[in-house]
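Here's the letter readout for the chains.
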Amino acid sequence: MVTIQETELKEGILDAIQRAKASSKPVLVSEVQEINHIEPLSFFAAGHELFLGERFFWKDPSDETFIVGLGICKQIQSDQAADRFFHVEEEWNSFIQDAIIYNRFQLNGVGPLMFGGFSFDPIKEKTKLWAKYSDSLFHIPRFMYSVINGQAFLTTNVVCTQNDDLSLVEIVRGERESLFSLLTADRYQENYELVSEKEIKPNEWKETVSAITNELKKGPLKKVVLARETRLLFNKFIQTEQVLENLLKLQRESFVFAFESNGDCFIGASPERLVKKSGTSFLTTCLAGSIARGKTEEEDQLLGKTLLADPKNLIEHQYVVQMIKEAMGTVCEEVTLPKKTQLLKMRDIQHLYTPVIGKAKKDTSLLLLVDRLHPTPALGGLPKEQAVEKIREVEDLDRGFYGAPLGWVDYQRNGEFAVSIRSGLIQGDEVSIFAGCGVVEDSNPDSEYIETKIKFRPMLTALGGVKQ
Ligand SMILES: C=C(O[C@@H]1C=C(C(=O)O)C=C[C@H]1O)C(=O)O
Ligand SMILES: [Mg+2]
């Protein structure tokens, strides 16, 4: 049973309407309550009826933070390329500046929060594949369920305008009651099947990899990440809940996310953190260099050792470390990273891994660091600008939100962004999945092709396209 006590909502809404009248500007009321624990996926699923197309889901690799949003009480969106991170941050800051917030809990990820992300490259020509996502797109949910270190909270957000009256209180209460009454309902299960799987121009892709390796030998480019797409067709509409359930079960060490927009859903399980901010601490990750998992423990260890000593993969990784260290240096007082490259093992693949921590300087912010980092050479290349231009020119793919920052910022300016890889875009009974790899001088097109094949597996498996 979920019990929701009488709340400050009414008082807040009254106050906000008065303020909205005085300023002629909408005012946000946000209220946080501690509630009994609910499975995060059940909360997401309960929103199917009332909020389909307006939901998001987030889980971090350590299971410290689950955030599920339902409904949209405000959207921040733009297709403007210049200073896009800065503009989103400004709009967020000005929106919460006048908000009325009832929150007794000093925790990241509760209270007003915006969830969303950015496209990989706003200058690249957009195709209809990503028509439902603006280049910058964030949602502030109506209802948000957060589980922070095992403690569960419900945030209710209401935007009041000068034309609203107290009937808004009953509307919101009614919505909340309907939502919670749906929590016990059985989750809708459909057995959908993969009908066809089409890799988009695999041979041309290998040729591009080959052409790029030749170019890298001449300089000044050192690394370019090239991605490709596989389009899947199913016999029925895909149930996002089911895909999420599989991702949560099979990709435990990953960020698991879903972000619905206008009927489509961007979904995935990424092992890669772009950046996390908690108070003055910044945490980021260098992840690049890959090898398969072994079938036995012995083979797996051997593959790991091989990866740790492989010059091509070490260079691929080192470019990322070099750039991230530099970017962190611009916004941090101290930057710390381990001397030795580590391994990060996921279900289908293992990577070279270097975590980087830093202490934030005073006048900095999460989105400022996102701006400095994106795209790191794990998704773009080195040097950054030239690599992105090269990708724009040669890659036959609209990456959209794939490979870009996806995550959240709360009203205290803390938050976290993942690099949205191992992901796909669900569109009814069709799905596009994406995978890329770091091309360096010594890359071999066939090996890179196989690497991307492995990187498709997490999504393909979660969609039921690979038998477990
Ligand atoms: C580009 C992807 O992954 C990135 C590329 C890697 C590589 O080339 O070794 C490894 C991890 C990721 O940073 C992807 O999964 O699509
Ligand atoms: Mg690689």
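Quick caveat, the model's predicted, so the values are computed rather than measured.

Analysis parameters
Residues numbered from 1 in each chain as written. Chains lettered and ligands numbered in written order. Predicted model: local features only at pLDDT ≥ 70, side-chain atom pairs only at ≥ 80, totals over all residues. Heavy atoms only, no water. Donors = N, O, S within 2.8 Å, 3.2 Å for Na, K, Ca; no water. Helix = DSSP H or I, 4+ residues; strand = E, 2+ residues; numbered from the N terminus. Buried < 20%, exposed > 50% of the residue type's maximum accessible area, 1.4 Å probe, protein only. Core = buried A, V, L, I, M, F, W, Y, C linked by side-chain atoms within 4.5 Å. Polar contact = N/O pair within 3.5 Å; in protein donor to acceptor, adjacent residues only side chain to side chain. Contact = heavy atoms within 4.5 Å. Pairing = 2+ DSSP bridges. Arc of directions from axis to C-beta. Phe/Tyr/Trp six-rings, centres within 6.5 Å; stacked < 30°, edge-to-face > 60°. Lys NZ or Arg CZ within 6 Å of the ring centre and 35° of its normal. Axes fitted to C-alpha atoms, helices over the stretch in contact; angles between N-to-C directions. Left-handed = near helix turned anticlockwise from the far one by under 90°. UniProt positions renumbered as here; feature names shortened; annotations may be inferred. Near = heavy atom within 4 Å. Nonpolar A, V, L, I, M, F, W, Y, C, P; charged D, E, K, R; others polar.

Novice: Before we move on, can you summarise the coordination of the magnesium ion (ligand 2) with the specific residues and values?
Specialist: Within the protein, Glu 316 (OE) and Glu 451 (OE) serve as the donor atoms for the magnesium ion (ligand 2), at 2.2 to 2.3 Å. In this pair, Glu 316 sits in helix H9 (residues 311-331) while Glu 451 sits in helix H12 (residues 445-462), placing the two residues 135 residues apart along the sequence. With a relative accessible area of 2%, Glu 316 lands in the buried category. Overall, Glu 451 belongs to the buried group, its relative accessible area being 9%.

Novice: Give me the lowdown on the nonpolar core, citing residues and values where you can.
Specialist: Ranked by size, the top nonpolar core spans 81 residues in total, and within it Trp 92, Met 114 and Phe 417 carry the most contacts. Ile 17, Leu 41, Tyr 102 and Leu 248 belong to the second largest nonpolar core, which has 56 residues in total.

Novice: Go over the side chain of Asn 103 with me, naming the residues and quoting the values.
Specialist: Position of Asn 103 among the secondary structure elements: in the loop between strand S5 (100-102) and strand S6 (113-118). Take Asn 103: its relative accessible area is 15%, and that puts it in the buried class. One polar contact links Asn 103 to Tyr 411, side chain to side chain, over a distance of 2.9 Å. The residues contacting Asn 103, other than those within four sequence positions of it, are Val 32, Val 110 and Tyr 411.

Novice: Let's hear about the pairing of strand S20 (residues 405-410): which residues, and what values?
Specialist: Counting buried positions along S20 gives six out of six residues, so the element sits mostly inside the fold. Residues Pro 405, Gly 407 and Val 409 of S20 are buried on one face, and the alternating residues Leu 406, Trp 408 and Asp 410, pointing to the opposite face, are buried as well. With five bridges joining them, S6 and S20 adopt antiparallel strand pairing. The partner of Gly 117 across the bridge, within S20, is Leu 406. One ladder, built from five bridges, connects S20 with strand S21 (residues 415-419); its direction is antiparallel. Of the residues in S21, the one forming a bridge with Gly 407 is Phe 417. Following S20, the chain reverses through four residues before pairing antiparallel with S21; Arg 413 in that reversal takes a positive phi of roughly 75°.

Novice: Describe helix H10 (residues 366-373), and please don't skip the residues or the numbers.
Specialist: Among all positions in H10, only Leu 366, Leu 367, Leu 369, Val 370 and Leu 373 are buried. Down the axis, H10 shows its buried residues gathered within 155° of arc, on one side only.

Novice: Hey, could you go over the packing of aromatic side chains for me, with residue numbers and the actual values?
Specialist: Tallied over the full model, the rule gives 24 aromatic pairs. Aromatic side chains Trp 58 and Phe 255 sit 5.2 Å apart centroid to centroid with 45° between the ring planes, which places their arrangement in the tilted category. In this pair, Trp 58 sits in strand S2 (residues 55-59) while Phe 255 sits in strand S12 (residues 255-261), placing the two residues 197 residues apart along the sequence. The class for Trp 58 is buried, based on a relative accessible area of 0%. Among the aromatic residues, those joined into a cluster by ring pairs are Phe 56, Trp 58, Phe 115, Trp 130, Tyr 133, Phe 255, Phe 257, Phe 259, Phe 266, Phe 401, Tyr 402 and Phe 434. Of note, Lys 206 hangs over the ring of Tyr 449, and the distance from its end group to the ring centre comes to 4.5 Å. In this structure, Arg 399 is placed above the aromatic ring of Phe 120, and the distance from its NZ or CZ to the ring centre is 4.2 Å.

Novice: Describe the packing of H9 against H10, listing the residues and the values that go with them.
Specialist: Look at H9 against H10: their axes get within 9 Å of each other, and the N-to-C directions meet at 150°. As for how H9 packs across H10, the hand of that crossing is right-handed. Across the interface between the two elements, Met 323, Ile 324, Ala 327, Met 328, Thr 330 and Val 331 from H9 touch Leu 368, Leu 369, Arg 372 and Leu 373 from H10.

Novice: Which residues make up the UniProt feature "active site" (unreviewed entry) in the protein, and what are the values?
Specialist: Summarizing the sequence annotation, UniProt attributes the feature "active site" (unreviewed entry) to Lys 223 and Glu 272 in the numbering used throughout. Mapped onto the fold, Lys 223 is located in strand S11 (residues 223-234). Given a relative accessible area of 1%, Lys 223 falls into the buried group. One polar contact links the side chain of Lys 223 to the main-chain carbonyl oxygen of Pro 377, over a distance of 3.0 Å. Counting through the fold element by element, Glu 272 comes out in the loop between strand S13 (264-270) and strand S14 (273-278). Using a relative accessible area of 3% as the deciding quantity, one classes Glu 272 as buried. With sequence-adjacent residues up to four places away left out, Glu 272 is seen in contact with Phe 255, Leu 287, Thr 376, Ala 378, Leu 379, Ala 418, Val 419 and Ile 421.

Novice: Lay out the site of ligand 1 with the relevant residues and their values.
Specialist: Close to ligand 1 lie 18 residues, the nearest being Glu 272, Leu 287, Ser 290, Tyr 402 and Arg 422. Listed by contribution, the elements that provide at least two residues to the shell around ligand 1 are strand S15 (281-292), strand S23 (430-440) and H12. Considering only residue class, the shell around ligand 1 consists of eight nonpolar, five polar and five charged.

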